[in-house]
Amino acid sequence: MKFTRLASAVLLYTASLPILAASYTATELPTDTLGQNQYAVSIDNTGVMLTAIENIYNAPVDLSTIDFENAFIIAGLTDIEAARNGQFNLADYTFLIARAIAGSSNFSFFTQQLGRMQAYKTDGSDANFDYINAFDTESEALGGFSRAMETTPRDSTAGTHIVGNTVGPFRTIDYVNLNGENVKYIISDFDQRAFAQVGENVTPLLPIDTTLGGTSQVNRINANYVAAGSGSIEATGALTTGLANCDDDEIRGDQPIEACLRSIITVTSNGALTRRSDLWLQRAHLWSMDVEGTVTDTRTFGTLVTDEEPALQGSSQALDVNINGVGVGVASVKFADGTLQSTAAAMFLASGEVVQIIDDEALLPNSAISINDIGYVVGLRRQRINNIPRNKMFIYNRNDSSVTFPDDFFDTSSTVPRSINNNNLVVGSADVEATNVTNRKTAAFIYDIEADTFTNLNTLVSCDSPFDFIEAIDINDSNQIIVSALTKKAARNARGELIKDDAGEDVLVDTIVTVKLNPTGQAPTVCSNDDLGIPDRQGASTGIFMFTLLSFAAFFRRRVKK
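Residues numbered from 1 in each chain as written. Predicted model: local features only at pLDDT ≥ 70, side-chain atom pairs only at ≥ 80, totals over all residues. Heavy atoms only, no water.

A. A look at the overall build of the protein chain. Check the secondary structure of the protein chain and you find 9 helices and 36 strands. The buried share of the protein chain, reckoned over its 562 residues, is 54%. When the accessible surface of the protein chain is split by element, carbon and sulfur atoms take 49% of a total near 23,700 Å². (Helix = DSSP H or I, 4+ residues; strand = E, 2+ residues; numbered from the N terminus. Buried < 20%, exposed > 50% of the residue type's maximum accessible area, 1.4 Å probe, protein only. Areas by Shrake-Rupley, 256 points an atom, 1.4 Å probe, with all protein chains shown as cover.)

B. Quick look at the state of the cysteines. The full count for this structure, using the stated rule, is 1 disulfide. One disulfide bridge connects cysteine 246 with cysteine 260, the sulfur atoms lying 2.0 Å from each other. The S-S bond linking cysteine 246 to cysteine 260 shows a torsion near -90 degrees; that makes this disulfide left-handed. Residue cysteine 246 is found in helix α5 (residues 237–247), and its partner cysteine 260 is found in helix α7 (residues 257–263); the two are separated by 14 residues along the sequence. On the accessibility criterion, cysteine 246 (2% relative accessible area) is buried. The class of cysteine 260 is buried, set by a relative accessible area of 9%. (Disulfide = S-S within 2.5 Å.)

C. Layout of the nonpolar core. Membership of the largest hydrophobic core comes to 28 residues, with the highest contact counts inside it found for Val61, Phe68, Ile73, Leu77, Tyr93, Leu96 and Ile97. Of all the secondary-structure elements, those providing two or more residues to this core are β3 (35–43), β4 (49–56), α3 (80–84), α4 (90–105) and β6 (129–131). Ranked by residues supplied to this core, first place goes to α4 with 6 residues. (Core = buried A, V, L, I, M, F, W, Y, C linked by side-chain atoms within 4.5 Å.)

D. Looking closely at the environment of asparagine 372. You can see asparagine 372 is positioned in the loop between β25 (366–371) and β26 (376–385). Using a relative accessible area of 2% as the deciding quantity, one classes asparagine 372 as buried. Between the C-alpha atom of asparagine 372 and that of asparagine 222, which follows or precedes it by 150 residues, the distance is 9.9 Å. What asparagine 372 contacts, discounting residues up to four positions off in sequence, is Asn322, Ile420, Asn421, Asn422 and Asn424. (Contact = heavy atoms within 4.5 Å.)

E. Representation of empty space enclosed by the protein within the structure. Space inside the second largest cavity adds up to approximately 60 Å³. Val61, Thr65, Ile66, Leu96, Ile97, Arg99, Ala100, Thr111 and Gln112 together form the lining of the second largest cavity. Counted by class, the lining of the second largest cavity contains 5 nonpolar, 3 polar and 1 charged residues. (1 Å grid on protein atoms, 1.4 Å probe; cavity = no way out; pocket = protein on both sides within 12 Å on 5 of 7 lines; lining within 4 Å. Points joined across faces, edges and corners; volume = space filled by probe spheres on them. Nonpolar A, V, L, I, M, F, W, Y, C, P; charged D, E, K, R; others polar.)

F. Spotlight on the side chain of threonine 511. Tracing the chain through its elements places threonine 511 in strand β35 (residues 508–519). Within the structure, threonine 511 has its side chain in polar contact with the backbone oxygen of valine 509 (distance 3.2 Å). Non-local contacts of threonine 511, meaning those with residues more than four positions away in its chain, are made with Gln36, Asn37, Ala485, Leu486, Thr487 and Lys489. (Polar contact = N/O pair within 3.5 Å; in protein donor to acceptor, adjacent residues only side chain to side chain.)

G. Broad picture of the packing of aromatic side chains. This structure, assessed with the given rule, holds 16 aromatic pairs. Consider the rings of phenylalanine 394 and phenylalanine 405, whose centres lie 6.1 Å apart with planes at 55 degrees: the pair is tilted. With phenylalanine 394 in strand β27 (residues 388–397) and phenylalanine 405 in the loop between β28 (402–404) and β29 (415–420), the pair connects residues that are 11 residues apart, well separated along the chain. Each ring, one from phenylalanine 445 and one from phenylalanine 454, has its centre 4.4 Å from the other, and the planes form 25 degrees; the classification is stacked. Accessibility classification places phenylalanine 445 together with phenylalanine 454 in one group, the buried group. Three or more aromatic residues joined by ring pairs make a cluster, and in this case those are Phe109, Phe110, Tyr175 and Tyr185. If you follow arginine 147 out to its NZ or CZ, it ends over the ring of tyrosine 131, 3.8 Å from the centre. Looking at arginine 193, its charged tip hangs above the ring of phenylalanine 190, at a distance of 3.7 Å from the centre. (Phe/Tyr/Trp six-rings, centres within 6.5 Å; stacked < 30°, edge-to-face > 60°. Lys NZ or Arg CZ within 6 Å of the ring centre and 35° of its normal.)

H. Examining the sheet that holds strand β23 (residues 341–348) more closely. Pairing is antiparallel in the open sheet, where 4 strands are placed in the order β21-β22-β23-β24. The open sheet has two edge strands with one neighbour each: β21 (316–321) and β24 (354–356). Strand-to-strand twist of the sheet, defined as the mean angle between neighbouring strand axes without regard to direction, takes the value 40 degrees. Bridge count between β23 and β24: 3 bridges; the pairing is antiparallel. Bridge pairing in β24 places alanine 346 opposite glutamine 356. (Pairing = 2+ DSSP bridges. Axes fitted to C-alpha atoms, helices over the stretch in contact; angles between N-to-C directions.)

I. Broad picture of the pattern of salt bridges. Taken as a whole and judged by the stated rule, the model has 22 salt bridges. Here glutamate 54 ties to arginine 116 by a salt bridge, and the two come within 2.6 Å at their closest N and O atoms. Here arginine 116 lies in the loop between α4 and β5 (117–122) and glutamate 54 lies in strand β4, a separation of 62 residues in the sequence. Among the residues examined, glutamate 54 registers a relative accessible area of 10% and is labelled buried. Here arginine 116 falls in the partly exposed class, since its relative accessible area comes to 22%. Two residues, arginine 84 and glutamate 81, come together in a salt bridge whose shortest N-O distance is 3.4 Å. In this pair, arginine 84 and glutamate 81 both sit in helix α3, 3 residues apart, roughly one turn of the helix. When its relative accessible area of 33% is taken as the criterion, arginine 84 is described as partly exposed. For glutamate 81, a relative accessible area of 48% puts it in the partly exposed group. (Salt bridge = Lys/Arg side-chain N within 4 Å of Asp/Glu carboxyl O.)

Function cannot be read off these values alone, since they describe shape.
Spelled out as structure tokens, the structure:
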């Protein structure tokens with residue numbers, strides 16, 4: 001069904017016409033007992049899905065990281081003696097878990113580390129939901145994995161090779177300060193790092209430059225075990241200055257050198273610590289692996305700025321790679337007047353060449369997001385509509401170099417494609433509210449390139465679906481789709497126990513869940529608008545894509561003078 005602008009207006013503003021539905025069955029992944037929210041990440045051609053769980057239930061408490069003489073700890077606990085012995089009532093357990101998550105988010109050296117996001121792999125069955133541990137380790141004291149690192153899975157292939165992003169494992173350092181006091185610091189030896197996991201074999205996807213551990217990020221992996229991402233190629237002056245300061249006893253001050261080095265990666269912004277982005281020059285990377293997941297080759301690519309020193313050339317990042325080894329993503333480009341840089345959709349070829357996909361300077365900034373094996377590339381252009389930044393999807397055909405901008409739900413709808421399969425079907429999210437505000441309600445869509453049809457996936461499931469599909473994340477070659485959806489679920493506490501109201505009933509809250517859509521192969525049924533009515537929901541967000549618009553949102557912000 002093609003959503004013309006007129007049809008979209010009718011859908012948005014009337015409730016009188018029937019709408020097609022039910023081309024897919026919807027199955028929620030069974031993670032009710034794992035964590036608060038779950039976010040769809042990917043689905044490969046074997047049907048294996050990756051998902052990220054937010055704020056897992058029954059997270060471990062590491063007693064060795066808790067100073068029971070600390071005034072904040074004393075004030076926060078209701079039964080400190082029981083807590084010393086690892087016996088926590090619900091209030092104390094909730095307090096300690098919240099403290100660990102907050103400390104991790106704020107780069108604290110003095111709290112237990114507990115990642116807000118944890119990665120899982122599943123085929124959708126109750127009995128097959130596996131934790132993706134990356135660099136995490138098990139200990140007898142915790143009775144399992146530490147869950148200290150925030151890990152975001154990104155993609156898988158063949159049901160075996162998983163890629164994702166995480167941080168280094170944490171360790172405790174005992175330091176005696178100038179007052180003779182013993183202080184425990186909780187430190188990781190490196191920050192953001194991509195990884196590949198095959199079974200229990202975990203391989204770091206290292207960048208070219210590993211000064212202070214370097215930085216790397218992976219986004220996709222193809223069927224030939226080539227992973228696309230980005231990484232550091234050279235330390236900047238800001239990093240070398242920071243390293244020199246940590247080597248100077250007077251400048252470093254009364255802290256272990258490991259803490260000083262770790263502090264280099266952060267900067268205070270709006271009163272909070274955040275990661276710095278100026279420590280390394282970063283470029284697109286393609287990592288080639290063998291069947292065991294061992295890296296056999298690492299290739300890097302430049303930018304679309306070639307007449308300057310590397311430090312002035314901006315950045316590049318590969319967001320996807322097809323079976324032919326052609327990567328796509330985003331790279332810095334210089335305007336014709338030579339005074340400004342923007343970001344442009346780019347292809348990264350086996351020859352090492354970086355090719356700009358859309359030459360028209362008036363269409364900057366833009367980015368390529370996904371490529372299939374046939375040669376179609378899907379991406380987006382960032383533009384201002386009614387003085388508000390919006391995204392518009394484009395389709396590039398590598399076989400004839402044509403670029404088209406398909407119609408979406410309505411003129412000012414912001415559209416973000418996420419993935420394209422080898423049947424030339426694109427999935428993503430798009431605005432369905434024609435309001436003049438920045439953040440608007442979104443719906444998952446599917447776009448058929450050959451038929452030129454742009455369809456709301458909420459209209460292609462059963463009439464009584466309890467889900468509101470807000471974002472389609474990935475589609476495989478069997479046309480199975482993984483989406484993030486809003487629905488009402490029973491609230492649970494930090495231990496995963498159901499919360500009851502005064503009448504003993506479950507407390508229902510808006511929850512983000514991952515849903516797998518399977519094509520039925522049948523003609524869609526007809527539902528009325530009342531059948532399809534899903535009330536607007538508040539209080540939840542698409543947190544993992546945060547992830548962003550992936551991480552290339554950072555590239556769009558770099559339209560600055562160099």
